[in-house]
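Chain and residue survey
Each chain is listed here by its residues.
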Amino acid sequence: MRTILRTLTLTTALACGTAAMADVPRIGAAVYGLNAEFMQIWAAALEDHPAVREGLVNVTIFDGRYDALVQQEQFETMITQGFDAIIFVPIDIEAGAAAVQAAHDAGIPVFGSNTRVNSDLLTSYVGSDDVQSGYMQARYVLDQIGCTGGVVIIEGPIGQSAQIQRLEGNLKALAECPDVEIIAQQTANWSRAEAQTLMENWLTAHPGRIAGVIGQNDEMALGAIEAIRAAGLSVDDFAISGIDGVTDALRAVKAGDMASILQDGAAQAQGALDLAIRAVQPDYEPMSAIWEQYPDMPWNDGADAEYNVPWTPVTEENVDALLELRQ
Amino acid sequence: MAGQQPTGTGTARNGRAMLAEFGQRYGILAALVLVCVGLALANEFFLTQRNMVNVLRQASINGILAIGMTFVILTRGIDLSVGSVVALAGVVSASFASTSATAAVSGAPHPTLLAIAVGLGTGILAGAVNGWLVARHKVPAFVVTLGMLSAARGLTLIYSGGRPVPGLSDGYRALGTADLFGIPMPVVLFAGVFLGAWFVLEATRFGRHVYAAGGNPHAARVSGIRVERVRMAVYVISGALAGLAGMILAARTGSALPQAGIAYELDAIAAVVIGGTSLAGGVGRVTGTLIGALLIAVVNNGLDLMGVESYYQQVIKGGLIVAAVMLDQARHRAA
Amino acid sequence: MNVPLLEARGLAKRFGGVAALRDGSFRLMPGTVHALCGGNGAGKSTFLSLVMGIRRRDAGTLLRRGAPVDFAGPLDALRAGISIIEQELSPVPAMSVAENIFLGREPVGRFGRVDFRAMNARAQELLDSLHFAIPARRLMMDLTVAELQLVEIAKALSYEAEVIIMDEPTSALGEAEADQLFAAIARLKEQGKGIVYVSHRLSEIFRIADHWTVFRDGAFVGTGEMRDINREALIRMIVGRPLAEEFVKENTPTSEIALELRGVSSGARVRDISFAARRGEILAIYGLMGSGRTEIFERLFGLAPDEGGEIRLFGQPQALSSPQEAIAAGLAYVTEDRKQSGLVLSADVRANLCLARLGALSAGPVMLRRREASAAARMIETFGIRTASDRLDVSGLSGGNQQKVVLGKWFLTEPRILLLDEPTRGVDVGAKREIYRVMSDFARQGGTVVMISSEIDEVLGMADRTVVLRDGRISGELDRATLSAERLVHLAA
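Here the residue numbering is sequential within each chain, running from 1 through the sequence in written order. Here every chain gets a letter starting at A, and every ligand a number starting at 1, in the order they are written. Since the coordinates come from a predicted model, pLDDT governs what is reported: local features require at least 70, and pairs of side-chain atoms require 80 or more to be given and counted, while whole-chain, interface and lining totals use all residues. The basis for every side-chain value is the complete set of non-hydrogen atoms in the structure, without hydrogens or water.

A word on the overall build of chain A. A run of DSSP states H or I qualifies as a helix once it reaches four residues; a run of E qualifies as a strand once it reaches two. Both are numbered from the N-terminal end. Looking only at helices and strands, one finds 13 helices and twelve strands in chain A. Taken over the C-alpha trace, chain A has a radius of gyration of 21 Å; the compact-globule value for 327 residues is 20 Å, and the two agree within 12%. The buried share among the 327 residues of chain A stands at 56%. What makes two residues a contact is simply this: any of their non-hydrogen atoms within 4.5 Å. Considering only residue pairs separated by 6 or more positions, chain A has 72% of its internal contacts joining residues 24 or more positions apart. Carbon and sulfur atoms provide 51% of the accessible area of chain A, an area that totals close to 12,700 Å². Our radius of gyration is a C-alpha quantity, and the globule rule it is checked against amounts to 2.2 Å times the number of residues to the power 0.38. Only protein chains enter the calculation, and the probe is 1.4 Å; a residue is then buried if its accessible area is under 20% of its type maximum, exposed if over 50%, and partly exposed in between. The Shrake-Rupley method, run with a 1.4 Å probe sphere, supplies the accessible areas, and residue values consider only the shown protein chains as cover.

Next comes the structure, spelled out in structure tokens:
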């Protein structure tokens, strides 16, 4: 089996000592948690960045263990140890501001990635617009059902920025189809098992009325699929969409069960790292391939405040290639 | 064993006294019936056959964990690690049943029976470590299983690399998705586990040992019962059932997720406590646990049907747990 | 004559439809010890709970120094100078003696800080004035049971209590410790306090009490001065019928040795113990608490480590390293503390009776319900256990019936040697006699009884031979001809 021990990276980085790498910039990445597949991909991409592989920069990843306080303390550690720059993926849009302020006061530039933080002190942010993905996924479902009938929305944890913004996008698309009724709308906390139970109960409460399922992430969309199967219904009779492009969802897309929109976590990670190195070494030119991959997101000498990694709808055409990348 | 038998001498009793006694003896069952009647009136779909099957299926995983937990709590113990063991057994067994080139162990998919044996074995191993530390080394169960809660989750993430184990074989998925004469497999397994546990606790020597070792370990020891072995055994049972629950969960959701089962121990403990089993040990029945697990599932299902937000559901569930324990204490005072 | 410190007239209390107390009447004079006697269920506990205001009385009058009083709770009673020392003490183990005495009313210094110096000084002064040799700074968990009781007395006096109720105070004490308690009681008498003394132990009552009052079946039966009554008459009052003999002894020892210890050592308190018990014999082990008497039984039952020596049962050496082995070898062990190690209180009578015999009541792993029920019924019949059903919780039974359940549990294993540790502790006079009958019958039929007792009367009445222990070693062995109370006390202390 693969064993990825990200904490080891931290230990080795510290053990190697500062003397030998004195002139190599040290960049810390504080991520909210490494238990889920999406952040695994994000972290793997960061370590796979050409600059890291060539030893031009030393990167340490801190697992925030889904706790804002842990992230805050990790910031304090990085400040004490004099990191040159910090890449930040906060657990919560509000909770990270104090940490950013502290780093800013210590003169350490902070770069946001994937999740926004409510602070104007970020040097730059690399992410994808959740409103846009919410709109895209809802639009897919609505197109499938012909802008008529009933849909359900399975939401992320209420109050999280992704939930708020994806819902905004969902509703924007739904407003374009006034004939579509939202039959039910509830959180399943990004969890496949919770979504499965929720969907089973909805299928009972609203027999024959649900035509579309908008799952704000792939896990929940996959849970809905299992519920439909368990109820003895055909998945083909439902239009289902998720967001993120996790491996199981790619398989489901390949099987024709659902639609997914790939959030390119790898690009978010590598883009943020390019920007961070640039901040430390003004003559640095970006080494990641993503700038060529996404012409819609120009480098602009690393000077923009915000970089928007485009969403990639997963289709029958590109799904095999995407699955190949996950091997 | 410690059931309250009627002690009336046959003298005339008024209806209220009989009602009170019924409430004392069948309080939890009455609560379940009452909630069901209420939900049936409030929602036309509640009593449909399909919804009843749903409720049973949704109660299965928690119910299986709660039955294992009943054994442990009867001996004055607690097993906080079941949620993590669910995930660990899920990913380990799934890696034997996976068709995925990356996530599976070499040669997979192996026969379903092997994968199931591996899953049960994983749970048994985790339970044996718990039991060994509790029984032999006298470390408090709360501490041991709190440690295992963390360690098993960590092992799950190491083993899986933090990624789901997908592509489970059809045979393996049958654990969660197949049905037997129209009854979903998780429900069949839940019923089997319940009947087995009921038989063990009510009718076997080991069952008597469990009640005695929990009711008064000193007296049990003096009476020739190997209390340490009993303690060891209950953690193994809890671990094995957590393993089974983990496989059912993986089979239901279609892949084994390393994040599965977080906080499942709380619902399992809640079902046991609602079912009237005393945390002080020695008192309780697995039928109570069954009703407790059903009550939790019915409440969740009913509130979903009526479109109540899950945040309110949590509040209602919390109130239910405390109310059940209060009812239970009132029953003991009255006895 | 002066006014009674406390007087009760016709106190009554009903629970549901049942009268627990119909007529509780009692007079306590200053400077006296007044024994409150009665069998289990006589209404003593109910009476005390009404006096202390723990329960509300349905009828009757309570007078404190002649004035009617009505206590809302024990704190009220305490303020009026009435204090109770319960049978089961509830100290805060991790706190010092002084902290326990002044719990809830600690002397406070500046800034609300507890003034430990003043508290310790006051506590020590109090203890010294009572001649209790206990350091006020010692932790409660380091005290013996007797010392805990002395602390309770000191606590009662710190409230300036005039009436001190003691409920079975010697039930957990050895002879020497009881003497310490009696000396304290004598000093309280001198100070003009009144003591209500509740005990099943008649010899104690005759030793320390000035007056007696007997309750039976929830009602006052009689009262009087101790010097006007003898033991038989008092027992007749308590039991309600003449009791032919207090003790039952019809066995005759044989010469065949059943149990033999040769130089057995175990733990700190069992050193080089040798004695033998014969078939048909009742052998008593007498010793103070801490003399190692219980530890000998624990060694015999595989509950304490083997640290040398040899144990033979019927001539065969036995390892006896676990209770299972001991039971298989024909031993049965009725422990000193029923609630702690004898019964599973949360279980019913049947489960308790069958507990040590589950193997024979099952087929493979499966219990045979019918066999369990008939075994339990047999024991209930044999021992006359009074319970409405064998499915009732054993916790609801009286002390005597609970003890009979423990005996029944062991008789189901068909033992050949009975180890009894304080078999009649906390049991009323009637049930005591039934237990003596069981011992006698068992020995008469060829069984061997080894009994630990700290009640001298019981040893004198029942034992064929007595082994006396002191500090983990045997200090003497007395047969019936040489046995006397003086010798026992002499050898033990």
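Along its length, chain C carries 17 helices and 22 strands. Taking 493 residues into account, the globule formula puts the C-alpha radius of gyration at 23 Å, and chain C, at 24 Å, falls close to it. By its C-alpha atoms, chain C is 70 × 50 × 50 Å across when sized along the principal axes. Evaluated residue by residue, chain C yields a buried proportion of 55% over its 493 residues. Sequence separation of at least 24 residues holds for 66% of the intrachain contacts in chain C that already meet a minimum separation of 6. Residues counted as positive are Lys and Arg, residues counted as negative are Asp and Glu, and His and the chain ends are not counted. Lysine's charge is taken at NZ, arginine's at CZ, aspartate's at CG and glutamate's at CD. Charge separation in chain C, taken as the distance between the mean sites of 62 positive and 63 negative side-chain charges, equals 3 Å.

Residues and elements named next belong to chain C. Should DSSP find at least two bridges between two strands, the strands are regarded as paired. Taken in spatial order, the four strands make up an open sheet running 12-11-14-15, and their pairing is antiparallel. The open sheet has two edge strands, strand 12 (270-278) and strand 15 (316-317), and neither has a second partner. In terms of strand pairing, strand 14 (residues 310-313) meets strand 15 through two bridges, oriented antiparallel. By the bridge assignment, Arg 312 is partnered in strand 15 with Pro 317. With axes taken as lines fitted to C-alpha atoms, and helix axes fitted only over the stretch in contact, angles between N-to-C directions fall between 0 and 180 degrees. Strand contacts of helix 9 (residues 293-300): strand 11 (257-266), strand 12 and strand 14, with the helix running at about 110 degrees to strand 11, the strand carrying the most contacts.

Residues and elements named next belong to chain A. Pairing is parallel in the open sheet, where six strands are placed in the order 2-1-3-4-5-11. Sheet topology places strand 2 (58-63) and strand 11 (306-308) at the edges, where each strand pairs with a single neighbour. Geometrically, the sheet is characterised by an average inter-axis angle of 20 degrees between neighbouring strands, direction not taken into account. Relative to strand 5 (residues 124-127), strand 4 (residues 110-113) runs parallel, the two sharing three bridges. Note on strand 5: the bridge partner recorded for Phe 111 is Ser 124.

All names here are of chain C. Each domain's extent is set by a domain assignment, obtained either automatically or from a database. Partitioning chain C into structural domains gives domain 1 (6-239) and domain 2 (257-492). Relative placement of domain 1 and domain 2: their C-alpha centres are 32 Å apart. Every contact between the two is made by 16 residues of domain 1 and, on the other side, 17 residues of domain 2. Using a 1.4 Å probe, buried area is obtained as the accessible area two parts lose upon being combined, added over both of them. Summed over both partners, the interface of domain 1 with domain 2 comes to about 1,400 Å²; 53% of that surface belongs to carbon and sulfur atoms.

Glancing now at the packing of helix 7 (residues 185-203) of chain B against helix 12 (residues 286-305) of chain B. Helix-helix packing is described using two parameters, namely the angle between the two axes and the distance between the axes. All names here are of chain B. At their nearest, the axes of helix 7 and helix 12 sit 9 Å apart, and the two run at 155 degrees to each other. Viewed along their axes, helix 7 and helix 12 adopt a mutual orientation that is roughly antiparallel. The segment helix 7 lies against helix 12, with Phe 190, Phe 194, Ala 197, Trp 198 and Leu 201 engaging Val 286, Thr 287 and Leu 290. All amino acids are sorted into three groups, where Ala, Val, Leu, Ile, Met, Phe, Trp, Tyr, Cys and Pro are nonpolar, Asp, Glu, Lys and Arg are charged, and the leftover types, Gly among them, are polar. A breakdown of the residues in the contact of helix 7 with helix 12 according to their chemical character gives seven nonpolar, one polar and no charged. Relative orientations are named as follows: roughly parallel for angles under 35 degrees, roughly antiparallel for angles over 145 degrees, roughly perpendicular for angles from 65 to 115 degrees, and oblique for any other angle.

As a further point, take unusual backbone geometry. Excluding glycine, residues mostly carry a negative phi; peptide bonds, for their part, are mostly trans. Residue and element names in this part refer to chain C. Of note, the phi angle at Glu 168 is positive, near 50 degrees, even though the residue is not glycine. Assignment of secondary structure puts Glu 168 in the loop between strand 7 (163-167) and helix 6 (175-190). Unusually for a residue other than glycine, Asp 217 sits at a positive phi of about 50 degrees. Mapping Asp 217 onto the fold places it in the loop between strand 9 (211-216) and strand 10 (219-225).

Where interface size is quoted, it is often the accessible area lost as the parts come together. Taken together, the contact between chain A and chain B spans 36 residues of the former and 42 residues of the latter. Taking both partners together, chain A and chain B bury about 3,300 Å²; carbon and sulfur atoms supply 48% of that area. Whenever Lys or Arg places a side-chain nitrogen within 4 Å of a carboxyl oxygen from Asp or Glu, that contact is recorded as a salt bridge. Our enumeration of links across chain A and chain B arrives at three salt bridges. Where A:Glu200 meets B:Arg252, a salt bridge forms, and the shortest distance between an N and an O atom there is 2.2 Å. Here a polar contact means two N or O atoms within 3.5 Å. Within protein one must be a hydrogen donor candidate and the other an acceptor candidate, and residues neighboring in sequence count only if both atoms are side-chain atoms. At the surface where chain A touches chain B, the tally comes to 14 residue pairs in polar contact (both at pLDDT 80 or more). At the level of secondary structure, the elements contributing two or more residues to the side of chain A that touches chain B comprise helix 2 (37-47), strand 7 (180-187), helix 8 (192-205), helix 9 (218-230) and helix 10 (247-254) of chain A. Among the elements that make up the side of chain A that touches chain B, the one with the highest residue count is helix 8 of chain A (eleven residues).

Moving on to the nonpolar core. For this analysis, a nonpolar core means a set of buried residues of the types Ala, Val, Leu, Ile, Met, Phe, Trp, Tyr and Cys, connected via side-chain atoms within 4.5 Å. With 97 residues, the main nonpolar core has B:Ile64, B:Ile67 and B:Tyr172 as its most contacted residues. Here the element with the most residues in this core is helix 10 (residues 227-253) of chain B; it accounts for 13 residues. Ignoring any residue separated from it by four or fewer positions in sequence, one finds B:Tyr172 in contact with B:Gly90, B:Ser93, B:Ala94, B:Ala97, B:Thr112, B:Ala115, B:Met247, B:Ala250 and B:Ala251. C:Ala329, C:Ala356, C:Val405 and C:Ile452 belong to the second-largest nonpolar core, a separate cluster that totals 80 residues.

All right, on to helix 12 of chain B then. Residue and element names in this part refer to chain B. Helix span, expected: 1.5 Å multiplied by one less than the number of residues in the helix. With 20 residues, helix 12 should cover 28 Å at 1.5 Å per step; its first-to-last C-alpha distance of 28 Å lies within 8% of that length. With 17 of 20 residues buried, helix 12 lies mostly within the body of the structure. Phi turns positive, to about 75 degrees, at Gly 307, one or two residues after helix 12.

Residues and elements named next belong to chain A. Ring pairs shown here join Phe, Tyr and Trp side chains whose ring centres sit within 6.5 Å, with only the six-membered ring taken for Trp; geometry is labelled stacked below 30 degrees between planes, edge-to-face above 60, and tilted in between. Within this structure, the stated rule accounts for 13 aromatic pairs over all chains. For the ring pair Phe 62 and Phe 83, a centre distance of 6.1 Å and an interplane angle of 65 degrees mean the geometry is edge-to-face. In this pair, Phe 62 sits in strand 2 while Phe 83 sits in the loop between helix 4 (68-80) and strand 3 (85-89), placing the two residues 21 residues apart along the sequence. The same class applies to Phe 62 as to Phe 83, namely buried.

Moving on to the arrangement of the chains. Contacts are most numerous between chains A and B, taken over all two pairs of chains that touch. Across all C-alpha pairs, the smallest distance from chain A to chain C is 36 Å, and the two are not in contact.

Now for the interface of chain C and chain B. Across the contact, 33 residues belong to chain C and 28 residues belong to chain B. Seen at the junction of chain C and chain B, the total is two salt bridges. When the shortest N-O distance is used, the salt bridge between C:Arg369 and B:Glu202 registers 4.0 Å. Counting the contacts that link chain C with chain B gives 13 residue pairs in polar contact (both at pLDDT 80 or more). Breaking the side of chain C that touches chain B down by element, the ones donating at least two residues are helix 10 (323-328), helix 11 (338-342), strand 18 (366-367), helix 13 (369-383) and helix 14 (399-411) of chain C. For the side of chain C that touches chain B, the residue count by class is 17 nonpolar, nine polar and seven charged.

Okay, the pairing of strand 3 of chain A next. All names here are of chain A. Most of strand 3 sits out of view: five of its five residues are buried. Here strand 3 shows a buried face lined by Ala 85, Ile 87 and Val 89 and a second buried face lined by Ile 86 and Phe 88. Both strand 1 (residues 26-31) and strand 3 contribute to a ladder of five bridges, which runs parallel. Residue pairing for strand 3: Gly 28 is matched across the bridge by Ile 86. As paired elements, strand 3 and strand 4 share three bridges and run parallel to each other. Bridged to Phe 88 within strand 4 is Gly 112.

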